[in-house]
Amino acid sequence: MMPAPASRRAAGPATAKGAGTRDMLLQRAAAMAARVGLEGVTIGELAGAAGMSKSGVFAHFGSREDLVRQTLDWVAARFAEQVMEPALRQPRGMPRLRAIVDGWMRWIGAQREGCVFLGAAMEYDGRPGPMRDHVCALMQRWQQALERAVAMAVEQGQLRADADAALVAFELQSLMLGLHHGRLNRPQQALAHARRAVDGLFARHAAVPADGIAAAAGNSSLP
């Protein structure tokens, strides 16, 4: 997963309708990718789903490759809006890190038909090329954002000074992957298990006792 928002074209009064159409197409392409993967997104299928001609879709995307890349970027922008932007309004340290994880869990729970990021990682893992490079770049920036959030918690004295930010970020990634899979085989328990695992992870790296880190972080906003 990666929060970096995609760059958007400026839309003045003359292009507002076109920008709205493009956004609608990307939203439908993202829904399609969640069901069948990014490789299943085509100009023809999207045109049919949107009730448009192929030429109408081509007016917004110069090629299928451009459509697929922009679809992934559109999803990344939604992730940024729903997960990272609210978290960045929290104080640095554990409050912000907790907010990131809480938002991340809510995001996973909302992806009822599948996660586009998770699908992209599997689809392009063994397929060298520009699209794989793009997926890797997005995920690398997300990893770096997680590491920065962990490092800030260390700087605030809420996680141990010797906590390895890259390792903690990797462990968080692993737990969220477990939540994805847990939704499939243990849907009633997956979220509770993930929350307990995250609490345990933070407690192991805490610079204060477990009850102290809970007070420093604030209560989780998840039910």
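Small disclaimer: the values here were computed from a predicted structure and weren't measured.

A few points about the overall build of the protein chain
Assigned secondary structure in the protein chain consists of 10 helices and 0 strands. Each helix (α) and strand (β) of the protein chain, taken in turn from the N terminus, gives the series α-α-α-α-α-α-α-α-α-α. In the protein chain, which comprises 223 residues, the proportion classed as buried is 43%. Considering only intrachain contacts with a sequence separation of at least 6, the fraction spanning at least 24 residues in the protein chain is 73%. Working note: accessible area of the protein chain is about 11,500 Å², and carbon and sulfur atoms make up 54% of it.

Re the packing of aromatic side chains
Counting across every chain of the model gives 4 aromatic pairs. A ring pair is formed by F79 and W107, whose centres lie 5.2 Å apart and whose planes are at 85°; its orientation type is edge-to-face. Of this pair, F79 sits in helix α4 (residues 64-88) while W107 sits in helix α5 (residues 94-110), and the two are 28 residues apart along the sequence. Overall, F79 belongs to the buried group, its relative accessible area being 0%.

A short note on the packing of helix α1 (residues 16-36) against helix α2 (residues 43-50)
Viewed as axis vectors pointing N to C, α1 and α2 meet at an angle of 110°, and their least axial separation amounts to 10 Å. When the axis of α1 is compared with that of α2, the two are roughly perpendicular. Note on packing geometry: the crossing formed by α1 with α2 is right-handed. Contacts from M24, L25, R28, A29 and M32 of α1 reach α2 at E45, L46, A49 and A50. The residue inventory of the contact of α1 with α2, partitioned by class, reads 7 nonpolar, no polar and 2 charged.

Some remarks on the environment of L146
One can find L146 in helix α7 (residues 130-155). Each C-alpha atom, one on L146 and one on L172, is 8.7 Å from the other, the two residues being 26 residues apart in sequence. If we ignore the near neighbours within four places in the chain, the residues touching L146 are I100, W104, A169, L172 and Q173.

Criteria and thresholds
Counting restarts for each chain, with residues numbered from 1 along the sequence as it is written. Thresholds applied to this predicted model are a pLDDT of at least 70 for local features of residues and 80 or more for the giving and counting of side-chain atom pairs; totals over whole chains, interfaces and linings are not thresholded and use all residues. Note that the side-chain values use all heavy atoms of the structure and ignore hydrogens as well as water. Helix numbers and strand numbers start at the N terminus; a helix is a DSSP run of H or I with at least 4 residues, a strand a run of E with at least 2. The cut-offs for exposure are 20% and 50% of the maximum accessible area for each residue type, with area from a 1.4 Å probe on protein chains only; residues under the lower value are buried, those over the upper are exposed, and the others partly exposed. In this description, contact between two residues means that some pair of their heavy atoms is separated by no more than 4.5 Å. For accessible areas, the Shrake-Rupley method is used with a probe of radius 1.4 Å. Any residue's cover is judged against the shown protein chains and nothing else. Geometry of aromatic contacts follows a simple scheme: Phe, Tyr and Trp rings, the Trp one being its six-membered ring, pair when their centres are within 6.5 Å, and the pair is stacked under 30 degrees between planes, edge-to-face over 60, tilted otherwise. To define axes, lines are fitted to C-alpha atoms, for helices over the stretch in contact only, and angles between the resulting N-to-C directions are given on a 0 to 180 degree scale. If an angle is under 35 degrees, it is roughly parallel; if it is over 145, roughly antiparallel; if it lies from 65 to 115, roughly perpendicular; otherwise it is oblique. Crossing chirality is assigned from the near helix's rotation relative to the far helix, an anticlockwise turn below a right angle marking it left-handed and a clockwise turn marking it right-handed. Three residue categories are used. Nonpolar comprises Ala, Val, Leu, Ile, Met, Phe, Trp, Tyr, Cys and Pro, charged comprises Asp, Glu, Lys and Arg, and polar comprises the others, including Gly.

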